[in-house]
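This is what each chain is made of:
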Amino acid sequence: MSNLELPVLGQEDAVACCSPMVREPLGEEAAADLAKMFKALSDPVRLRLLSLIASHEGGEACVCDLTGPFDVSQPTISHHLKVLREAGLVGSERRGTWVYYWVLPAALAKLSALLQAPAAIVPAGGAR
């Protein structure tokens, strides 16, 4: 296994936008935007939908591919997809009668950059 670190593309904007909480406190507007994303991800169906979309071949999924794995109605799936879209986590496009969804990498990079903690931080009690 190599120790080579590869850069993650598209993170420059996310890092500029959202420094890790351990470096500086969040501003009111940034906290509101990020809370909207985390709130959208706090629902198990939406978290699974995001995972299904992200792992789908080609990086995008038709809504017709997203209804089968859930024990909820199609309108409920559409509602959850709308919440993910409004939170800025997924993009969408209508093609004929179907809507296709894809994960927005910049949104995931924002969340990841916010939660990134330096290795030097040791929690109270010294446990890791």
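Predicted model, so just to flag it, every value in this text is computed and none were measured.

Colleague: Got a minute to help me understand the overall build of the protein in this structure?
Modeller: Across its full length, the protein carries five helices and three strands. Each helix (α) and strand (β) of the protein, taken in turn from the N terminus, gives the series α-α-α-β-α-β-β-α. Relative to its 128 residues, the protein shows a buried fraction of 27%. Look at the contacts in the protein between residues 6 or more apart in sequence, and 61% of them connect residues 24 or more apart. Looking at the protein as shown, the accessible area adds up to about 8,600 Å², and 57% of this sits on carbon and sulfur atoms.

Colleague: I would appreciate a short explanation of the packing of helix α3 (residues 44-55) against helix α4 (residues 74-86) in the present structure.
Modeller: What describes two packed helices is the angle between their axes and the distance between those same axes. Their axes nearest at 10 Å, the elements α3 and α4 cross at an angle of 75°. Here α3 is positioned roughly perpendicular relative to α4, judged by the angle of their axes. On α4, the residues that touch V45, R46, L49, L50 and I53 of α3 are I77, H79, H80, L81, V83 and L84. A breakdown of the residues in the contact of α3 with α4 according to their chemical character gives eight nonpolar, two polar and one charged.

Colleague: Would you take a moment to explain the environment of D65 for this structure?
Modeller: Among the structural elements, D65 can be located in the loop between β1 (60-62) and α4. With twelve residues separating them along the chain, D65 and I53 place their C-alpha atoms 9.2 Å apart.

Colleague: Please clarify how the nonpolar core should be interpreted in this entry.
Modeller: Note that soluble globular proteins tend to have their nonpolar side chains buried in a common cluster. Core analysis: the largest hydrophobic core is formed by 24 residues, its most contacted members being L49, I53, L81, L89 and Y101. If you list the elements that add at least two residues to this core, you get α2 (28-41), α3, α4, β3 (98-103) and α5 (105-115). Sequence-distant contacts of L81, defined by excluding residues within four places in its chain, comprise L49, I53, V63, L66, V90 and Y101.

Colleague: Before we go on, may I ask you to explain the packing of aromatic side chains in this structure?
Modeller: The geometry of an aromatic ring pair is captured by two quantities: the separation of the ring centres and the angle between the planes. All chains considered together, the criterion is met by zero aromatic pairs. Here R95 stacks its cationic end above the ring of Y100, 4.4 Å away from the centre of that ring.

Colleague: So what exactly am I meant to see when it comes to the sheet that holds β3 here?
Modeller: Two orientations exist for strands paired in a sheet by backbone hydrogen bonds: parallel and antiparallel. Strand order in the open sheet formed by three strands is β1-β3-β2, with antiparallel pairing between adjacent strands. Here the strands that pair on one side only, and so sit at the sheet edges, are β1 and β2 (90-95). Strand-to-strand, the axes of this sheet are offset by a mean angle of 25°, without reference to chain direction. Most of the contacts of α4 go to β2, to which it runs at about 125°, and overall it touches β2 and β3.

Colleague: How should the environment of Y101 be read in this particular structure?
Modeller: Within the element layout of this structure, Y101 appears in strand β3. Y101 sits in the buried class, given a relative accessible area of 7%. With 35 residues separating them along the chain, Y101 and L66 place their C-alpha atoms 9.7 Å apart. Every residue in contact with Y101, bar those within four places of it in the chain, is listed here: I53, G59, E60, A61, V63, L66, L81, R85, V90, G91 and S92.

Calculation notes
- Residues numbered from 1 in each chain as written.
- Predicted model: local features only at pLDDT ≥ 70, side-chain atom pairs only at ≥ 80, totals over all residues.
- Heavy atoms only, no water.
- Helix = DSSP H or I, 4+ residues; strand = E, 2+ residues; numbered from the N terminus.
- Buried < 20%, exposed > 50% of the residue type's maximum accessible area, 1.4 Å probe, protein only.
- Contact = heavy atoms within 4.5 Å.
- Areas by Shrake-Rupley, 256 points an atom, 1.4 Å probe, with all protein chains shown as cover.
- Axes fitted to C-alpha atoms, helices over the stretch in contact; angles between N-to-C directions.
- Parallel < 35°, antiparallel > 145°, perpendicular 65-115°, else oblique.
- Nonpolar A, V, L, I, M, F, W, Y, C, P; charged D, E, K, R; others polar.
- Core = buried A, V, L, I, M, F, W, Y, C linked by side-chain atoms within 4.5 Å.
- Phe/Tyr/Trp six-rings, centres within 6.5 Å; stacked < 30°, edge-to-face > 60°.
- Lys NZ or Arg CZ within 6 Å of the ring centre and 35° of its normal.
- Pairing = 2+ DSSP bridges.

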